[in-house]
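Secondary and tertiary structure notes
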Amino acid sequence: MILPLLKGLAVTLKYFFSRPFAIQYPDEKIEMTDRWRGIHYFERREDGSTQCVACGLCEAVCPSECIYVEAEEYKTGRRFPRVYEIDGTRCIFCGYCEEVCPVNAIRMGKNYEYVKHERSDFIFNNNFLIEQKKLNPSILDDRE
Ligand code: SF4
Ligand code: SF4
């Protein structure tokens with residue numbers, strides 16, 4: 001009976017003097033891993049517009065059916081998403097949209113800090129996704 005008690009105390013003592021695992025969030029933050037899938041963002045062209053060509057592949061592949069795309073064309077013939085929306089309340093952050101995108105426009109970002117009270121704030125539209133880019137220095141930019 002005393003042996004298990006001593007073993008338990010030994011474990012307690014061992015961890016009592018080791019480095020704590022907890023961090024003092026939000027004063028301290030941890031770097032998310034490369035594989036982390038946080039809030040999406042759009043890669044941008046030089047003029048600041050999205051790289052998305054509104055092909056609809058992400059919309060088709062999304063298992064949660066939470067992406068909505070409406071395509072339009074510039075006079076040059078280049079397509080762009082007149083409407084692009086991700087419903088963040090339904091997204092399961094699987095990353096399929098990022099994987100399937102032929103022009104690497106939609107990316108899974110590192111941002112995990114997003115707290116809102118209205119459902120409407122979780123509709124990630126064109127402008128939101130372009131703004132999120134600021135929080136995500138990307139692989140594509142590193143190559144430029
Ligand atoms: S991460 Fe997955 S669930 Fe979320 S929008 Fe992309 S494909 Fe859909
Ligand atoms: S984000 Fe990519 S996959 Fe989705 S519509 Fe735009 S170009 Fe197509």
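In short, a report on the structure. (Residues numbered from 1 in each chain as written. Chains lettered and ligands numbered in written order. Predicted model: local features only at pLDDT ≥ 70, side-chain atom pairs only at ≥ 80, totals over all residues. Heavy atoms only, no water.)

**With respect to the overall build of the protein chain**
Across its full length, the protein chain carries five helices and five strands. Referenced to the eigenvectors of the C-alpha coordinate spread, the extents of the protein chain come out at roughly 80 × 35 × 30 Å. For the protein chain, the proportion of its 144 residues judged to be buried stands at 33%. Here the contacts in the protein chain between residues at least 6 apart in sequence split such that 69% fall between residues at least 24 apart. Counting every atom, the protein chain has about 10,500 Å² of accessible surface; 55% of that belongs to carbon and sulfur. The distance from the centre of the 20 positive side-chain charges to the centre of the 23 negative ones in the protein chain is 5 Å. (Helix = DSSP H or I, 4+ residues; strand = E, 2+ residues; numbered from the N terminus. Buried < 20%, exposed > 50% of the residue type's maximum accessible area, 1.4 Å probe, protein only. Contact = heavy atoms within 4.5 Å. Areas by Shrake-Rupley, 256 points an atom, 1.4 Å probe, with all protein chains shown as cover. Lys, Arg positive; Asp, Glu negative; His and termini not counted. Charge placed at Lys NZ, Arg CZ, Asp CG, Glu CD.)

**Digging into the nonpolar core**
Ranked by size, the top nonpolar core spans 23 residues in total, and within it Phe42, Ile67, Tyr84, Ile86, Ile106, Phe124 and Leu129 carry the most contacts. At the level of elements, strand 2 (67-73), strand 3 (79-87), strand 4 (106-108) and helix 4 (126-132) are the ones that each hand at least two residues to this core. With three residues, the single largest contributor to this core is helix 4. With residues near it in sequence (within four places) discarded, Phe42 still touches Thr50, Cys52, Tyr84, Ala105, Ile106, Asn126, Leu129, Ile130 and Lys133. (Core = buried A, V, L, I, M, F, W, Y, C linked by side-chain atoms within 4.5 Å.)

**As for the site of ligand 2**
Close to ligand 2 lie Cys52, Val53, Ala54, Cys55, Gly56, Leu57, Cys58, Tyr84, Cys101, Pro102, Val103 and Ile106. A per-class count over the shell around ligand 2 returns eleven nonpolar, one polar and no charged. (Near = heavy atom within 4 Å. Nonpolar A, V, L, I, M, F, W, Y, C, P; charged D, E, K, R; others polar.)

**A few points about the sheet that holds strand 3**
With antiparallel pairing, three strands are arranged side by side in an open sheet as 2-3-5. In this open sheet, the two edge strands, each paired with only one partner strand, are strand 2 and strand 5 (123-125). The mean inter-strand angle of the sheet, taken between neighbouring strand axes irrespective of direction, is 15°. Sheet topology note: the strand 2/strand 3 ladder contains seven bridges and is antiparallel. Looking at the pairing, Glu73 lines up with Arg79 of strand 3. (Pairing = 2+ DSSP bridges. Axes fitted to C-alpha atoms, helices over the stretch in contact; angles between N-to-C directions.)

**Concerning a nonpolar patch on the surface**
Together, Ile2, Leu3, Leu5, Leu6 and Leu9 make up a nonpolar patch on the protein surface, roughly 510 Å² of accessible area in all. In this structure, Leu5 sits in helix 1 (residues 2-16). (Patch = residues over 30% accessible without salt bridge, like charges linked within 9 Å, V, L, I, M, F, W, Y side chains within 5 Å. Salt bridge = Lys/Arg side-chain N within 4 Å of Asp/Glu carboxyl O.)

**Quick word on the environment of Arg107**
In this structure, Arg107 sits in strand 4. Measuring from C-alpha to C-alpha, the distance between Arg107 and Ala10 comes to 47 Å, with 97 residues separating the pair along the chain. Only 3.4 Å separates the side chain of Arg107 from the side chain of Glu98, close enough to count as a polar contact. (Polar contact = N/O pair within 3.5 Å; in protein donor to acceptor, adjacent residues only side chain to side chain.)

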